[in-house]
Amino acid sequence: MTDHMERVVALSKRRGFVFPSSEIYGGLQATYDYGPAGVELKRLIKDDWWRDMVREREDVVGLDASILMAARVWEVSGHVAGFNDPMVDCKTCKGRFREDKLEGSVCLKKKGKTPLECGGELTEPRLFNLMFKTKAGPIDEDAATIYLRPETAQGIFVNFKNVMDSTRVKIPFGVAQQGKAFRNEIVTGGQIFRMREFEQMEMEFFCAPGTDEEWHEYWQAERLRWWQDLGVRKAKLRIRPHGKDELAHYARGCGDIEYEYPWGWDEVEGVANRGDYDLSHHQEGSGRGLAYRDDEKKAWVVPYVIEPSGGVDRCFLTVLCDAYEEEVKPNGETRTVLHLHPKLAPTQVAIFPLVKKLGMPEKAQEIYADLKTRFRCLYDQAGSIGKRYARNDEVGTPFCVTVDGDSIEDGTVTVRHRDSLEQERVPAENLAAYLGDAMAAWTRE
Ligand code: ATP
């Protein structure tokens, strides 16, 4: 892990964003828990995606399919036979690596070298299926084998007909879903970047064959726009088209949205053109019609599918990495700050009395009670004002409101801006409008 990444990980634990899972028992590799600040940020990311992808669109509806599905789904989708990664072992350092990611891997003995450079002898690659198996019911026999879903997408495909029959959607339309997925990854890492249990936000957009390339372009642009609207800096995002040799078994084309992490450019979301692969296979496998009626062609047609598929956790890590900054203040002190978009900040406004007397706590409580109906607020009177500011900078609170002696006299309070460190006096009765405007005007270069 790079130094920068180690500091982001340390902050995420210190401030209650992400904790290693089962930590008091030594942890379980590649599993993490979200703390009080983290669960807020994660929900806010998911809600923003849902608003953008479902609520504000007329052509996308939502779904929440189960994690456990009939085993046949995964046989027909190609996952039982083909959801494999090539695995190699190093006979020298005993490390286990993904053959397609050797360049980004690190030798267990010679830390600065990749397994291609360290001189160790690698075994021939073996295919390793990433699906977790389990048994349904009390019978421990092969017929009871089912899988934890490795992607949420199949839940959408098998419900295609149900959605068509129960709503008024017409091609082109999309079905969106968020939920847990599980992959028994050969190599995990980058904290929550690659885990064995993670959450996806996926949308399958069904369109007429022949219009798919246009929709593919459209969705790549739309998704990049969403990432930028989250406050992630433009210069750190790019779209990388897949080469023919790296396309998944179902894909006709794919563009990865990538972010420049501390370790380099890496995928945050894939936007794939899955053609009619999934619906055609499920139509054949289930014997149920999964086509739509094309009135012009007077024929039943299996639609093509464009799929923007992102990870909630990876998005969370991207937002944290992008927001994290260690900066030198004008007075020469350094501070760590998260420049989160105000719409994602776990706390938007922190309200403090300067001291715990002279009517200041009562006034600050009154402001807190009023503002908390509009913003995510926190009241804090513990410790020095400098420490309270520092704590809120680290958790990404964009505004701190301080009630002091003058507030009792003239009814004004100090608003401190997290990013610019500017402080302004604002009449308490104008606070809600003032903060609302400042949040709406937020930008970051
Ligand atoms: P990779 O090649 O890195 O293994 P992938 O191309 O197989 O990833 P997809 O199947 O396209 O990944 O998954 C869609 C999204 O789900 C990814 O862009 C990522 O954000 C998220 N994702 C996939 N695997 C994991 C994981 N193990 N941990 C966290 N997020 C993941």
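All of these numbers come straight from a predicted model, not from anything done at the bench.

A word on the overall build of the protein chain
Part 1 of the argument: Scanning the protein chain from N- to C-terminus turns up 13 helices and 23 strands.
Part 2 of the argument: Dimensions of the protein chain along its principal axes, counting C-alpha atoms only, are 75 × 65 × 45 Å.
Part 3 of the argument: In the protein chain, buried positions account for 52% of the 445 residues.
Part 4 of the argument: Contacts spanning at least 24 positions in sequence make up 64% of the contacts within the protein chain whose residues lie at least 6 apart.

Points about the side chain of T318
Part 1 of the argument: For T318, the position within the fold is in helix α9 (residues 312-323).
Part 2 of the argument: Of the polar contacts made by the side chain of T318, one reaches the side chain of Y261; its length is 2.7 Å.
Part 3 of the argument: A distance of 2.5 Å separates a polar side-chain atom of T318 from the backbone oxygen of R314.
Part 4 of the argument: Ignoring any residue separated from it by four or fewer positions in sequence, one finds T318 in contact with W227, V232, Y259, Y261 and V268.

Section: the sheet that holds strand β4 (residues 84-89)
Part 1 of the argument: Strand order in the open sheet made by the 3 strands is β5-β4-β6, with antiparallel pairing throughout. Strands at the two margins of the open sheet, each flanked by one partner only, are β5 (96-98) and β6 (126-129). Looking at each pair of strands side by side, their axes are set apart by 45° on average, direction ignored.
Part 2 of the argument: As paired elements, β4 and β6 share 4 bridges and run antiparallel to each other. By the bridge assignment, N84 is partnered in β6 with N129.

Let's talk about the site of the ligand
Part 1 of the argument: In the vicinity of the ligand, 17 residues are found, and the nearest of them are E185, R194, M195, E267 and G311.
Part 2 of the argument: Within the backbone of G311, one N or O atom sits 2.9 Å away from an oxygen atom of the ligand.
Part 3 of the argument: Across the complex, the protein chains shield 86% of the 610 Å² of accessible surface that the ligand would expose by itself.
Part 4 of the argument: Secondary structure elements with two or more residues in the shell around the ligand: β10 (197-207), β13 (264-275) and β16 (304-311).
Part 5 of the argument: Here the shell around the ligand takes 4 residues from β13, the largest share from any one element.
Part 6 of the argument: Looking at side-chain class alone, the shell around the ligand contains 4 nonpolar, 5 polar and 8 charged residues.

Quick look at the pairing of strand β17 (residues 324-328)
Part 1 of the argument: Alignment of β17 against strand β18 (residues 334-338), held across 5 bridges, turns out to be antiparallel. By the bridge assignment for β18, E326 is matched with T336.
Part 2 of the argument: The hairpin turn running from β17 into β18, its antiparallel successor, is 5 residues long, and G332 in that turn takes a positive phi close to 90°.

Some remarks on the domain arrangement of the protein chain
By a widespread convention, an interface's size corresponds to the accessible area lost as its parts come together.
Part 1 of the argument: Each assigned domain of the protein chain is listed here: domain 1 (3-75 + 149-320) and domain 2 (333-440).
Part 2 of the argument: Centre-to-centre separation of domain 1 and domain 2, based on C-alpha positions: 36 Å.
Part 3 of the argument: Tallying the contact residues gives 16 residues for domain 1 and 12 residues for domain 2.
Part 4 of the argument: In this assembly, domain 1 packs against domain 2 so that about 1,200 Å² is buried in total across both faces, 68% of it on carbon and sulfur atoms.
Part 5 of the argument: Interface area lost by domain 1 to domain 2 is led by L11, R15 and L44, which between them contribute 39%.
Part 6 of the argument: Here domain 1 and domain 2 share 3 salt bridges between them.
Part 7 of the argument: A salt bridge links E394 to R14; the shortest N-O distance between them is 3.0 Å.
Part 8 of the argument: Taken together, the links from domain 1 to domain 2 amount to 4 residue pairs in polar contact (both at pLDDT 80 or more).
Part 9 of the argument: Secondary-structure elements contributing two or more residues to the side of domain 1 that touches domain 2 are α1 (3-14), α2 (36-55) and α9.
Part 10 of the argument: Among the elements that take part in the side of domain 1 that touches domain 2, α2 stands out by supplying 7 residues, more than any other.

A word on the pairing of β4
Part 1 of the argument: Within β4, 5 of the 6 residues are buried, leaving the element largely enclosed by the surrounding structure.
Part 2 of the argument: Summarising the sheet, β4 and β5 pair through 3 bridges and their orientation is antiparallel. Across the sheet, M87 pairs through a bridge with R98, a residue of β5.
Part 3 of the argument: Connecting β4 to the next strand, β5, in antiparallel fashion are 6 residues, including K94 with a positive phi near 70°.

Thoughts on the sheet that holds strand β19 (residues 349-353)
Part 1 of the argument: With respect to topology, 5 strands assemble into an open sheet ordered β20-β19-β21-β22-β23, the strand pairing being mixed. Lying at the two open borders of the sheet, with one neighbouring strand each, are β20 (377-379) and β23 (423-427). Within the sheet, the average angular offset between the axes of one strand and its neighbour, ignoring direction, is 25°.
Part 2 of the argument: Sheet topology places strand β22 (residues 412-417) next to β23; 5 bridges connect them, and they run antiparallel.

As for the pattern of salt bridges
For side chains of opposite charge, pairing can occur when their charged atoms come near one another.
Part 1 of the argument: Enumeration over the complete set of coordinates arrives at 44 salt bridges.
Part 2 of the argument: Between D89 and R126 there is a salt bridge, with the nearest N and O atoms lying 2.3 Å from each other. Of this pair, D89 sits in strand β4 while R126 sits in strand β6, and the two are 37 residues apart along the sequence.
Part 3 of the argument: A relative accessible area of 37% means that R126 is categorised as partly exposed.
Part 4 of the argument: R98 serves as the salt-bridge partner of D100, at 3.0 Å between the closest nitrogen and oxygen.
Part 5 of the argument: Its relative accessible area of 45% is what places D100 among the partly exposed residues.
Part 6 of the argument: A relative accessible area of 11% means that R98 is categorised as buried.
Part 7 of the argument: A single salt-bridge network, built from bridges that share partners, covers D52, R57, D59, E222, R225 and D229.

Procedures and definitions
- Residues numbered from 1 in each chain as written.
- Predicted model: local features only at pLDDT ≥ 70, side-chain atom pairs only at ≥ 80, totals over all residues.
- Heavy atoms only, no water.
- Helix = DSSP H or I, 4+ residues; strand = E, 2+ residues; numbered from the N terminus.
- Buried < 20%, exposed > 50% of the residue type's maximum accessible area, 1.4 Å probe, protein only.
- Contact = heavy atoms within 4.5 Å.
- Polar contact = N/O pair within 3.5 Å; in protein donor to acceptor, adjacent residues only side chain to side chain.
- Pairing = 2+ DSSP bridges.
- Axes fitted to C-alpha atoms, helices over the stretch in contact; angles between N-to-C directions.
- Near = heavy atom within 4 Å.
- Areas by Shrake-Rupley, 256 points an atom, 1.4 Å probe, with all protein chains shown as cover.
- Nonpolar A, V, L, I, M, F, W, Y, C, P; charged D, E, K, R; others polar.
- Domains from an automatic or database assignment.
- Buried area = accessible area lost by both parts, 1.4 Å probe.
- Salt bridge = Lys/Arg side-chain N within 4 Å of Asp/Glu carboxyl O.

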